[in-house]
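# Observations on the model geometry
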Amino acid sequence: MAVPHIRHATLDDEETLGHLDRVTWSPLHSVQPRPRPPYEPFYNERFGPRDHLVAELDGTVVGYVRLAYPTPLACNSHVRQIQGLAVAEEARGTGVGRALLRAVREEARRQGARRLTLRVLGHNTPARRLYETEGFVVEGVLPGEFLLEGAYVDDVLMGCSL
């Protein structure tokens, strides 16, 4: 099994990451409607290349993770939050998601963070299992927070110390 190469995103990755984001869209992990043309740019005024780590297998981008501040407050600046994680269907089960999580932890530490948090939909069992095996614990649950395809879904808050 090939080991994924993790690197910081570049401006040249925008089209590839936008495409990956669209083809991996699923109600299992997204509260937004399915993207439709004309597509919004992947990078915007809030998130740019500096906020993303990219996974490559054999030179092909197969995943990304977005790392951000959870709020603009100075008193919360010691926390980073994963605000997006996607792995191409053909690369699932190969360790790409795990490699991205480990790399983003190191990146958060490098930035001086003391905590790393994320939000995951309650019915996204594969993602929750992965996060738990990488040291994240459930820190809170917002029951029935989202109505997705006719069903109420919990928003699960997870975190870990760095």
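As a convention, each chain's residues are numbered from 1 in the sequence order in which they are written. Per-residue local features of the predicted model are confined to residues with pLDDT of at least 70, and side-chain atom pairs are confined, for both listing and counting, to 80 or more; whole-chain, interface and lining totals are unaffected and use all residues. Side-chain figures throughout are based on the complete set of non-hydrogen atoms in the structure, without hydrogens or water.

### As for the layout of surface pockets
Quick reminder of the rule: Definitions used for this entry: grid spacing 1 Å over protein atoms alone; cavity, a set of points where a 1.4 Å probe fits but cannot get out; pocket, an open set with protein on both sides within 12 Å along at least 5 of 7 lines; lining residue, one with an atom within 4 Å of a point. Grid points are joined across faces, edges and corners, and a volume is the space filled by probe spheres set on the points. Under the scheme used here, helices are H or I runs from DSSP no shorter than 4 residues and strands are E runs no shorter than 2 residues, and both carry numbers assigned from the N terminus. By the convention adopted, Pro, Cys, Tyr, Trp, Phe, Met, Ile, Leu, Val and Ala count as nonpolar, Lys, Arg, Asp and Glu as charged, and the other residues, Gly among them, as polar.
In this structure, the second largest pocket encloses a volume near 180 Å³. Lining the second largest pocket, in full, are Arg 46, Phe 47, Arg 50, Asp 51, Leu 67, Ala 68, Tyr 69, Arg 80, Gln 83 and Gln 111. Counting only elements with at least two residues in the lining of the second largest pocket, the list comes to β3 (60–68) and β4 (79–87). Along the lines of polarity and charge, the residues of the lining of the second largest pocket split into four nonpolar, two polar and four charged.

### Considering the pairing of strand β7 (residues 151–161)
Successive residues of a regular strand alternate their side chains across the two faces of the sheet. Using the following cut-off: Paired strands are those between which DSSP finds at least two bridges.
As defined by bridge partners, strand β5 (residues 115–121) adjoins β7 across seven bridges and the pair is classed as antiparallel. Paired with Leu 121 across the bridge in β7 is Asp 155. Between strand β6 (residues 137–148) and β7, which pair antiparallel in sequence order, lie two residues; one of them, Glu 149, sits at a positive phi of approximately 50°.

### Examining the packing of aromatic side chains
Cut-off, in case you're wondering: Pairing of aromatic side chains here covers Phe, Tyr and the six-membered ring of Trp, requires ring centres within 6.5 Å, and sorts the geometry by plane angle: under 30 degrees stacked, over 60 edge-to-face, intermediate tilted. Residue exposure (1.4 Å probe, protein chains only): buried if accessible area is under 20% of the type maximum, exposed if over 50%, otherwise partly exposed. Charge-over-ring contacts are defined here by two conditions on Lys NZ or Arg CZ: a distance within 6 Å of the ring centre and an angle within 35 degrees of the ring normal.
Under the definition given, this model contains three aromatic pairs. Seen from their ring centres, Phe 42 and Tyr 64 are 5.2 Å apart, and the 80° between their planes marks the pair as edge-to-face. Residue Phe 42 is found in the loop between α1 (14–23) and β2 (52–57), and its partner Tyr 64 is found in strand β3; the two are separated by 22 residues along the sequence. Relative to Phe 136, the ring of Tyr 131 lies with its centre 6.0 Å away and its plane at 65°, an arrangement referred to as edge-to-face. The exposure classification of Tyr 131 matches that of Phe 136, with both residues buried. Three or more aromatic residues link up through ring pairs in this structure, and these residues are Phe 42, Tyr 43 and Tyr 64. One Lys or Arg, Arg 66, reaches over the ring of Phe 47 and ends 4.4 Å from the middle of that ring.

### Some words on the pattern of salt bridges
The following threshold applies: Salt bridges are identified by distance alone: a Lys or Arg side-chain nitrogen within 4 Å of an Asp or Glu carboxyl oxygen.
In the structure shown here, the tally under the stated rule is 10 salt bridges. Here Arg 7 makes a salt bridge to Asp 13, at a shortest N to O gap of 2.7 Å. Asp 13 matches Arg 7 in its accessibility class, with the two residues each being buried. As a salt-bridge pair, Arg 109 and Glu 106 come within 2.3 Å of each other at their nearest N and O atoms. Of this pair, Arg 109 and Glu 106 both sit in helix α2 (residues 96–110), three residues apart, roughly one helical turn. Accessibility expressed as a relative area gives 34% for Arg 109, which makes it partly exposed. Assessed through its relative accessible area of 46%, Glu 106 is described here as partly exposed. Here the residues in one salt-bridge network are Arg 7, Asp 13 and Glu 56, joined through shared partners.

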